[in-house]
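# Fold and contact review
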Amino acid sequence: MRASSLSFCSQFEGRKYCEHDFQMLFAPCCGECGEFIIGRVIKAMNNNWHPECFRCELCDVALADLGFVKNAGRHLCRPCHNREKAKGLGKYICQKCHLIIDEQPLMFRNDSYHPDHFNCTHCGKELTAEARELKGELYCLPCHDKMGIPICGACRRPIEGRVVNALGKQWHVEHFVCAKCEKPFLGHRHYEKKGLAYCETHYNQLFGDVCYNCSHVIEGDVVSALNKAWCVNCFSCSTCNIKLTLKNKFVEFDMKPVCKKCYEKFPLELKKRLKKLSELASKKAHPKALDLNSA
């Protein structure tokens, strides 16, 4: 039993110690886990560390074989140090070489790079910040333009899906927005003024009435009927196209005016439904509408 225990003894300066006493007297403690360090010791930041315990304080990568940089009292790997330094300078870090980008960065999949760390997929030329991405590949601007891919007028990136053609440019659907409220039109009607697009609400607020029929700004007299604005020439029966005035008798059908003559030709069941709607409608909202009780 005595001989067996000696195999775990350590010798230091001619004296033998059991494992526990040797660790208590001579083995350094790890600055991270607090355990004794037997074997390789990393000495850094005025402390001792197990190799596996000495890690970057931001990304947790092991630093024993990578080296480290002191940053505000922290031990960081070089990429994290560069990112922290760039953040303080308001600059980008290249995701390939991990160094600060002093010029305009090349953005690829929301990451920043030195432009000269990429080459055009088609011609092989060194790329600049004007490079374009298409289906996961990068192209120089001339090669990309030759491919006939439309560029969004807002984000200046290729449009691979649905394209909106407006204002003499092409747009991603989600990037074609009202110049006032910045909400996407998403296929709804827009109104143009001085090279900008507006939704109907803000166009009316800023520039005046828009004709419900032709969608143009009403420059002359305005016909206000059915809670809408109309050009004088556009206010007509939606069935026979005869021009109407506010002196004419008309009814509302599908949010458009219908003259009395066309109304008389409607099926009896339809006229009954319209009569009920008319009885529920406010007289103030339709001051010139035809009294269906007399029709």
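Residues numbered from 1 in each chain as written. Predicted model: local features only at pLDDT ≥ 70, side-chain atom pairs only at ≥ 80, totals over all residues. Heavy atoms only, no water.

## Points about the pairing of strand β18 (residues 228-231)
Here β18 shows two buried faces, one formed by K228 and W230 and the other by A229 and C231. Both strand β17 (residues 222-225) and β18 contribute to a ladder of four bridges, which runs antiparallel. Counted as the bridge partner of V222 is C231 from β18. Between β17 and β18, which pair antiparallel in sequence order, lie two residues; one of them, L226, sits at a positive phi of approximately 55 degrees. (Buried < 20%, exposed > 50% of the residue type's maximum accessible area, 1.4 Å probe, protein only. Helix = DSSP H or I, 4+ residues; strand = E, 2+ residues; numbered from the N terminus. Pairing = 2+ DSSP bridges.)

## Considering helix α7 (residues 268-280)
The first and last C-alpha atoms of α7 sit 19 Å apart over 13 residues, in line with the 18 Å expected at 1.5 Å per residue. Looking at α7, one finds that the buried residues are L270, K271 and L274. All buried residues of α7 fall inside an arc of 95 degrees around its axis, so they share one side. Structural note: α7 exposes L268, K276, E279 and L280 on the side pointing more than 90 degrees away from its buried face. At its buried positions, α7 is contacted by β19 (250-253) and α6 (260-264). (Expected span 1.5 Å × (residues − 1). Arc of directions from axis to C-beta. Contact = heavy atoms within 4.5 Å.)

## Quick look at the pattern of salt bridges
Tallied over the entire structure, the rule returns two salt bridges. For R40, the salt bridge is made with D65, and the minimal N-O distance between the two is 3.2 Å. Remark: D65 occurs in the loop between β4 (47-49) and β5 (69-71) and R40 occurs in the loop between α2 (19-25) and β3 (42-44); sequence separation between them is 25 residues. K271 serves as the salt-bridge partner of E264, at 3.9 Å between the closest nitrogen and oxygen. (Salt bridge = Lys/Arg side-chain N within 4 Å of Asp/Glu carboxyl O.)

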